[in-house]
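# Summary of structural features
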Amino acid sequence: MEEVDNIIVHTLRQIGCDLPDEVDSLKKFSTELIVEAAAKCLRVITERTDISPTLPPGMSAKFRVGTALANACTEIGYTGEIGYQTFLYSSETEIRKLLLFLIEKLPRDSSEGADEPLATSALLQRGIASEISRQLKGTWTPSYCKSRGVCWRGVKQKQWNREGVIGMRGYQSCVLSVPHGVGDLTKKIPKDVKQYYSKDLPIISDQPPHSDDLPASVLEYNAAAVTAAQEWENEWNSSGLASRLSEQDYRARKRQRLQKKITEQLRQGIQKSEAANAAASSMDLTDLLNSISEKGAGRTKGSRFTHAEKLQFTQDDEKAAAQMGIGEGAGKVDTEEELQRKREEEAQGLRDKLNELASQIEAMEIDMKKFNAASQQMEEQISTQGKSKSEKEDAYKVKKRTLDLLPDAENNILKLQAVVDSSAQRLVNLANQWEKHRAPLIDQYRELREANEGKVSESQRKLEEIKEFREKMKTVADEARGKDELLKQLMSEYERMTKDVNRSAYTRRILEIVANIRKQKNDIDKILIDTKSLQKEINQLTGKLDRTFTVTDELIFRDAKKDEAVRKAYKYLAALHENCSLLVKTVEETGSIKREIRDLEDQIDSESNSKTSANLAKITADYKQMKKENDSLMAKLKGKA
C-alpha cells in the first residue's frame, strides 16, 4: 500500500493540504490531518466552505465537525459506513478507502482537457455518461404517470420531450396460418396440402396487414398453442388415462362425440324450423315433387344407368313423401301435439335402448374383468406346473440313471471308485502346483507390503507439501487479488489526474506494480501446476494402494480359513489399513487446524492494525474532557441561577 499512500499524499498536497514532510503514509496521519484533508477535498468537489478544516478545541464542536464531514461525503455518493467516529477515531483502512473515494471525485483540469484531442468513442462515452448522470439527478416518474410520455427535459435545455414512445404501437394481433405436420415424417401429407404450403400460403411476416402487428400476432399464436397443449395434457392426465385408450383412439372418440353433438343440435334446429313452418314447407315440397314427376314423364327413354338409378331411389322418395304426408299413400297431416308426442315416444324408446345397451356393456366389462382375472390365474398355474414338471423330469432322469446302473452294480462301483481316486490324485497335483506358485506370491506380497509402507510415508509427506502449497497459493491469490484492485484504482486515478511533470513517476510506479503482479501471477501459475501434479500423483498412489490392499486382502482371505498364521496376518493387515486411514485423516485435520490458526492470526493482525487500544484511550480522554466541560457548564448555570 506504499504506492497508494504516496499518491494520496501527493494529491492532497496539490489541492492545498499543509502536510509535513515526514508524512509519507496514512499511518502517520493524525486526526487533525484527516479532518483537514477531507474538508479541503470536499471544498474542491462541492465548493462548500461551511466545513472547517481545523478541529475546534471543544468536544461537542469536534463531534459536529465530524458529523458534517460524514454527511457531506454521503451526499456526494460515498456508500461505505461513515460517521463522526470515522474522522475522530479512525482506522487506516477506512481512511484510505475514504480518501481514495474523495480523490476520485476531484475534478480534472479543464484547460488540459480542452487541449487533448478526443476520439469518437471518447465523445460517445462522455455523452452517455452525461446523459446517465442527468437522469440519475432528476426524479424518476413511471410511464403510466406521464401524459403520453411527455416530460420536462432539464433546466439547461428547457424543452419538452417524449420518453419511451419511439416505435410505440398498440397491441393488435391477427390470426396466423402455420403449416402443421410438416416436421413429422411418420405422417403422410396430401399433395394438395403440400402444394398449398409451398406455393400459396404466405410466410408469417407477410400475413399481418401491418408489419408492426407481427410480434403481437406471433405472441398470440404461441400463447394459444401453449394453452392448447396444456389443456390437452390436463385432459389426458385426468380423463384420457382413465379411459384406458390410446391417444389416437381417445382423440377419435372425442371427435365422434363432438360430431354427434353438432349433428344433434342441427337436427333439433331443423325440427324446430319444420314445426314452425310445417304447412308452407309441405306445400313447397309437394310442388317440387310434382314438377320432378312431370319432368320425368316428359323425358325420353334413358340409358341403363338412368333406369337403375330410378329403381334404386324411387322407394326412398315414396317413403319420404309418405312420412311428410305427401303422395298417394299419404294420410291426414298430423297436428303439432301429435308430432311432439311421437317425437317423445321415439326419444323414450331410444333412451330405453341406450340404457339397455349401457347395461349390456357394463355386464360385458364385468365379464371381461372376470375373464382376465381367470386367465391370469390360469397362467400362474401353468407356470407353477411347468416348474414342477421340470423339477420332476430332473429327478426322473437321476433315478433312471441310478436304476440303469443297478444290474451291474459291482462294476459300476469300481468305476466310481476309480473316478474318485483320479479326482483325489488331481487335487493332490493341484495342491503341489499351488505350493509352487504360492512361495513366489508370498515373497512378492512381502516386497509389496514393504514398498507400500514406504509409499505411505512418502504420500504423507507429499500431502503435507500439497497443503503447504495450497496455503501459499491462497495467500498469493489474495495478494494478487488485492493488487488487481489496487491496479484498477491507480489506473482510474491516473486517468483523472492532471498530466503534469509527475506523469513519468506515476507511470513508472504503475509499471512496477504491473510487473510485480505479473510476476506473482506467474508464481501462482507455477504453484497451481505443481499442486495439480502432486494431486494427480497422490490420486494415483491412493488408487494403487487401494488396489494393492484389495488384491492382498483377497489372497490372504483365501488361506485364512485353513491356516491360523494367515488368519492373524489378515487381522494385522486390516488393522494396518485402518491405522493408515486414521493417520491420513489426522494429517488432514491437522492441516485444517493450521489454516484456522492462520486465519485467526490474520484477524488478530487486522484488529491490531485498526488501533483499537489507541482509539479506546483516545475515547476515554475525550470522555473525561467532555465530562469536565459539562461540569463547568453546570457550574456556570448554577452561578447564574
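Residues numbered from 1 in each chain as written. Predicted model: local features only at pLDDT ≥ 70, side-chain atom pairs only at ≥ 80, totals over all residues. Heavy atoms only, no water.

## A word on the overall build of the protein chain
- Tallying secondary structure elements over the protein chain gives 17 helices and two strands in all.
- Within the protein chain, buried positions represent 19% of all 641 residues.
- Across the protein chain, every contact between residues at least 6 apart in sequence was considered, and the portion connecting residues at least 24 apart equals 58%.
- Surface summary for the protein chain: the accessible area is close to 49000 Å², and the carbon and sulfur share equals 56%. (Helix = DSSP H or I, 4+ residues; strand = E, 2+ residues; numbered from the N terminus. Buried < 20%, exposed > 50% of the residue type's maximum accessible area, 1.4 Å probe, protein only. Contact = heavy atoms within 4.5 Å. Areas by Shrake-Rupley, 256 points an atom, 1.4 Å probe, with all protein chains shown as cover.)

## Focus: a nonpolar patch on the surface
- A contiguous nonpolar surface patch, about 420 Å² in accessible area, is contributed by Leu124, Ile128, Ile132 and Leu136.
- With respect to the element layout, Leu124 can be found in helix H7 (residues 120-137).
- Judged by relative accessible area, which is 55%, Leu124 ranks as exposed. (Patch = residues over 30% accessible without salt bridge, like charges linked within 9 Å, V, L, I, M, F, W, Y side chains within 5 Å. Salt bridge = Lys/Arg side-chain N within 4 Å of Asp/Glu carboxyl O.)

## What to know about helix H3 (residues 59-75)
- Look at H3: 24 Å from first C-alpha to last across 17 residues, which is about the 24 Å you get at 1.5 Å a residue.
- Of the residues making up H3, those classed as buried are Met59, Ala61, Lys62, Val65, Gly66, Leu69, Ala70, Ala72 and Cys73.
- Within two residues after H3, Gly77 carries a phi angle of roughly 115°, on the positive side. (Expected span 1.5 Å × (residues − 1).)

## Examining the nonpolar core
- Leu12, Phe29, Leu69, Phe87, Leu99 and Leu102 are the most contacted members of the largest nonpolar core, which totals 44 residues.
- Broken down by element, this core gets its largest block of residues, eight residues, from helix H2 (residues 31-46).
- When near neighbours in sequence (up to four residues on either side) are disregarded, Leu12 contacts Cys17, Leu19, Phe29, Ala37, Cys41 and Leu99.
- With five residues, the next largest nonpolar core counts Tyr445, Ala560, Val566 and Leu573 among its residues. (Core = buried A, V, L, I, M, F, W, Y, C linked by side-chain atoms within 4.5 Å.)

## Digging into the confidence of the model for the protein chain
- Predicted confidence across the protein chain gives a mean pLDDT of 76, with 78% of residues reaching 70 or more.
- Long-range and interchain partners of residues 295-332, a stretch whose pLDDT sits below 50, account for 10 contacts in this model, where long-range means more than four residues apart. (pLDDT = per-residue confidence, 0-100.)

## Regarding helix H5 (residues 92-105)
- For H5, built from 14 residues, the straight-helix expectation of 20 Å at 1.5 Å per residue is met to within 8% by its first-to-last C-alpha distance of 20 Å.
- All buried positions along H5 are accounted for by Glu92, Ile95, Arg96, Leu98, Leu99, Leu100, Phe101, Leu102 and Ile103.

## Section: the pattern of salt bridges
- Here the structure, examined in full by the defined rule, presents 11 salt bridges.
- In this structure, Arg461 engages Glu465 in a salt bridge whose closest nitrogen and oxygen atoms are separated by 2.8 Å. Of this pair, Arg461 and Glu465 are both found in helix H14 (residues 409-496), four residues apart, which corresponds to roughly one turn of the helix.
- Among the residues examined, Arg461 registers a relative accessible area of 41% and is labelled partly exposed.
- Note that Glu537 and Lys462 form a salt bridge whose closest N and O atoms lie 2.1 Å from each other.

## Considering a positive patch on the surface
- Residues Arg253, Arg257, Lys260 and Lys261 make up a contiguous surface patch of positive charge.
- Structurally, the position occupied by Arg257 is in helix H10 (residues 247-276). (Lys, Arg positive; Asp, Glu negative; His and termini not counted. Charge placed at Lys NZ, Arg CZ, Asp CG, Glu CD.)

## As for the packing of aromatic side chains
- This structure, assessed with the given rule, holds six aromatic pairs.
- Between Trp236 and Tyr250, the aromatic rings sit 5.7 Å apart at their centres with planes inclined by 70°, giving edge-to-face as the arrangement. Highlighted residues: Trp236 in helix H9 (residues 214-240) and Tyr250 in helix H10, separated in sequence by 14 residues.
- An aromatic cluster of at least three residues, connected via ring pairs, comprises Trp232, Trp236 and Tyr250.
- Sitting above the plane of the Trp232 ring, Arg251 keeps its charged end 4.0 Å from the centroid. (Phe/Tyr/Trp six-rings, centres within 6.5 Å; stacked < 30°, edge-to-face > 60°. Lys NZ or Arg CZ within 6 Å of the ring centre and 35° of its normal.)

## Brief notes about the packing of H2 against H5
- Where H2 meets H5, the closest approach of the two axes is 9 Å, and the angle between their N-to-C directions is 20°. The pairing of H2 with H5 is recorded here as roughly parallel in orientation. Seen along the crossing, H2 lies across H5 with a hand that is left-handed. Of H5, the residues touching H2 (which contributes Ile34, Ala37, Ala38, Cys41, Leu42 and Ile45) are Ile95, Leu99, Leu102 and Lys105. (Axes fitted to C-alpha atoms, helices over the stretch in contact; angles between N-to-C directions. Parallel < 35°, antiparallel > 145°, perpendicular 65-115°, else oblique. Left-handed = near helix turned anticlockwise from the far one by under 90°.)

## Topic: the side chain of Gln207
- Summarising the element assignment, Gln207 is placed in the loop between helix H8 (191-200) and H9.
- The buried category is assigned to Gln207, whose relative accessible area is 17%.
- When sequence neighbours within four positions are dropped, the list of residues in contact with Gln207 reads Val175, Leu176, Ser177, Leu201 and Pro202.

## Here we look at the packing of H2 against H3
- Between H2 and H3, the least distance of the axes is 11 Å, while the angle of their chain directions is 40°. Relative to H3, the element H2 is oriented oblique. Two packed elements cross with a definite hand, and for H2 against H3 that hand is left-handed. In this structure, H2 uses Val35, Ala38, Ala39 and Leu42 to contact H3, whose residues at the interface are Val65, Leu69, Ala72 and Cys73.
- Counted by class, the contact of H2 with H3 contains eight nonpolar, no polar and no charged residues. (Nonpolar A, V, L, I, M, F, W, Y, C, P; charged D, E, K, R; others polar.)

## Section: the side chain of Glu36
- If you trace the backbone, Glu36 turns up in helix H2.
- You can call Glu36 buried: its relative accessible area is 14%.
- Residue contacts for Glu36: discarding those within four places in its chain leaves Cys17, Asp18 and Pro53.

## Notes on a negative patch on the surface
- A cluster of acidic side chains, namely Glu596, Asp599, Glu601, Asp602 and Asp605, defines a negative patch on the protein surface.
- With respect to the helices, strands and loops of the structure, Asp605 is situated in helix H16 (residues 564-609).

## Observations concerning the state of the cysteines
- Throughout the structure, instances matching the rule amount to zero disulfides.
- Not engaged in a disulfide, the cysteine Cys73 finds its nearest cysteine sulfur in Cys41; these two sulfurs lie 8.9 Å apart. (Disulfide = S-S within 2.5 Å.)

## Notes on the environment of Glu235
- Tracing the backbone shows Glu235 in helix H9.
- Residue classification places Glu235 among the partly exposed residues on the basis of a relative accessible area of 23%.
- Discounting chain neighbours no more than four positions away, the residues touching Glu235 are Gly240, Tyr250 and Lys254.
- Looking at Glu235, its side chain comes within polar contact range of the side chain of Lys254, at 2.9 Å. (Polar contact = N/O pair within 3.5 Å; in protein donor to acceptor, adjacent residues only side chain to side chain.)

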